[in-house]
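# Structural overview for review
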Amino acid sequence: MTASKVTARSPKLNLLLRIADGLSYAATPAFVLMAVLTASGTAESMCGSVQSMSPLNDMAIMYLLMSAFHLPTWLRLAARRGGSHLRV
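Structure report, in brief. In this text, all values refer to a predicted model and were calculated from it rather than measured experimentally.

Parameters and conventions
- Residues numbered from 1 in each chain as written.
- Predicted model: local features only at pLDDT ≥ 70, side-chain atom pairs only at ≥ 80, totals over all residues.
- Heavy atoms only, no water.
- Helix = DSSP H or I, 4+ residues; strand = E, 2+ residues; numbered from the N terminus.
- Buried < 20%, exposed > 50% of the residue type's maximum accessible area, 1.4 Å probe, protein only.
- Contact = heavy atoms within 4.5 Å.
- Areas by Shrake-Rupley, 256 points an atom, 1.4 Å probe, with all protein chains shown as cover.
- Axes fitted to C-alpha atoms, helices over the stretch in contact; angles between N-to-C directions.
- Parallel < 35°, antiparallel > 145°, perpendicular 65-115°, else oblique.
- Left-handed = near helix turned anticlockwise from the far one by under 90°.

### Things to note about the overall build of the protein
When helices and strands are counted, the protein shows 5 helices and 0 strands. Listed N to C, the secondary structure of the protein is α-α-α-α-α in terms of helices and strands. Expressed as a percentage of its 88 residues, the buried residues of the protein come to 17%. Residue pairs in contact within the protein that sit at least 24 positions apart in sequence constitute 62% of those at least 6 positions apart. Accessible area of the protein: about 7,000 Å², with a carbon and sulfur share of 69%.

So, in C-alpha coordinates, the structure goes:
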(Lines give C-alpha, C1' and ligand atoms only; values in the text may rest on other atoms or scores of the structure.)
Protein backbone atom coordinates (compact mmCIF):
# COMPACT_ATOMS: atom_id res chain seq x y z
CA MET A 1 0.00 0.00 0.00
CA THR A 2 1.27 3.45 -0.82
CA ALA A 3 1.09 6.41 1.52
CA SER A 4 -1.53 8.10 -0.64
CA LYS A 5 -3.87 5.11 -0.31
CA VAL A 6 -3.48 5.10 3.45
CA THR A 7 -4.27 8.81 3.89
CA ALA A 8 -7.05 9.01 1.27
CA ARG A 9 -10.55 8.51 2.65
CA SER A 10 -13.63 7.55 0.78
CA PRO A 11 -16.57 9.98 0.70
CA LYS A 12 -18.65 7.45 2.64
CA LEU A 13 -16.04 7.27 5.42
CA ASN A 14 -15.82 11.07 5.54
CA LEU A 15 -19.61 11.26 5.90
CA LEU A 16 -19.61 8.68 8.70
CA LEU A 17 -16.83 10.54 10.53
CA ARG A 18 -18.74 13.84 10.26
CA ILE A 19 -21.90 12.17 11.60
CA ALA A 20 -19.95 10.66 14.52
CA ASP A 21 -18.37 14.05 15.22
CA GLY A 22 -21.79 15.70 15.22
CA LEU A 23 -23.24 13.07 17.53
CA SER A 24 -20.44 13.63 20.03
CA TYR A 25 -21.75 17.17 20.54
CA ALA A 26 -25.16 15.82 21.54
CA ALA A 27 -23.90 13.80 24.51
CA THR A 28 -23.15 16.58 27.00
CA PRO A 29 -26.43 18.52 26.60
CA ALA A 30 -28.43 15.28 26.66
CA PHE A 31 -26.82 14.13 29.90
CA VAL A 32 -27.23 17.54 31.52
CA LEU A 33 -30.91 17.50 30.57
CA MET A 34 -31.30 14.02 32.02
CA ALA A 35 -29.59 15.13 35.26
CA VAL A 36 -31.94 18.10 35.56
CA LEU A 37 -35.00 15.99 34.84
CA THR A 38 -33.90 13.35 37.32
CA ALA A 39 -33.06 15.87 40.05
CA SER A 40 -36.30 17.80 39.56
CA GLY A 41 -38.47 14.72 39.83
CA THR A 42 -39.85 15.00 36.31
CA ALA A 43 -38.26 11.70 35.36
CA GLU A 44 -39.97 10.04 38.34
CA SER A 45 -43.37 11.12 37.16
CA MET A 46 -42.57 9.89 33.66
CA CYS A 47 -41.31 6.50 34.86
CA GLY A 48 -43.67 6.07 37.78
CA SER A 49 -40.93 5.04 40.19
CA VAL A 50 -40.32 6.54 43.62
CA GLN A 51 -36.77 7.63 44.44
CA SER A 52 -35.20 9.16 47.52
CA MET A 53 -36.10 12.67 48.63
CA SER A 54 -32.64 14.07 47.89
CA PRO A 55 -32.57 16.22 44.73
CA LEU A 56 -29.18 14.79 43.80
CA ASN A 57 -29.89 11.09 43.79
CA ASP A 58 -27.60 8.47 42.30
CA MET A 59 -28.98 8.82 38.78
CA ALA A 60 -28.58 12.62 38.73
CA ILE A 61 -24.98 12.29 39.90
CA MET A 62 -24.31 9.67 37.23
CA TYR A 63 -25.73 11.92 34.50
CA LEU A 64 -23.64 14.85 35.73
CA LEU A 65 -20.51 12.70 35.65
CA MET A 66 -21.33 11.45 32.16
CA SER A 67 -21.81 15.01 30.94
CA ALA A 68 -18.45 15.96 32.48
CA PHE A 69 -16.75 13.06 30.68
CA HIS A 70 -18.19 14.24 27.36
CA LEU A 71 -17.33 17.91 27.94
CA PRO A 72 -13.89 17.81 26.19
CA THR A 73 -15.64 17.73 22.80
CA TRP A 74 -17.13 21.16 23.52
CA LEU A 75 -13.84 22.43 24.93
CA ARG A 76 -11.99 21.39 21.76
CA LEU A 77 -14.61 23.21 19.68
CA ALA A 78 -14.16 26.36 21.77
CA ALA A 79 -10.38 26.12 21.43
CA ARG A 80 -10.62 25.70 17.64
CA ARG A 81 -12.81 28.78 17.34
CA GLY A 82 -10.39 30.87 19.34
CA GLY A 83 -12.24 30.74 22.61
CA SER A 84 -12.02 34.55 22.91
CA HIS A 85 -15.38 34.60 24.69
CA LEU A 86 -13.94 32.24 27.33
CA ARG A 87 -11.03 34.50 28.27
CA VAL A 88 -11.31 36.54 31.45
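Next comes the rest of the account.
### As for the packing of helix H2 (residues 11-40) against helix H4 (residues 58-69)
The packing of two helices is summarised by the inter-axis angle and the distance between the axes. Two elements in contact, H2 and H4, have axes separated by 8 Å at closest approach and are oriented at 165 degrees. As summarised for this structure, H2 and H4 are arranged roughly antiparallel, according to the angle between their axes. Of the two possible hands of crossing, H2 and H4 adopt the one that is left-handed. Two secondary-structure elements touch here, H2 through Thr28, Phe31, Val32, Met34, Ala35, Thr38 and Ala39 and H4 through Met59, Ala60, Tyr63, Leu64, Met66 and Ser67.

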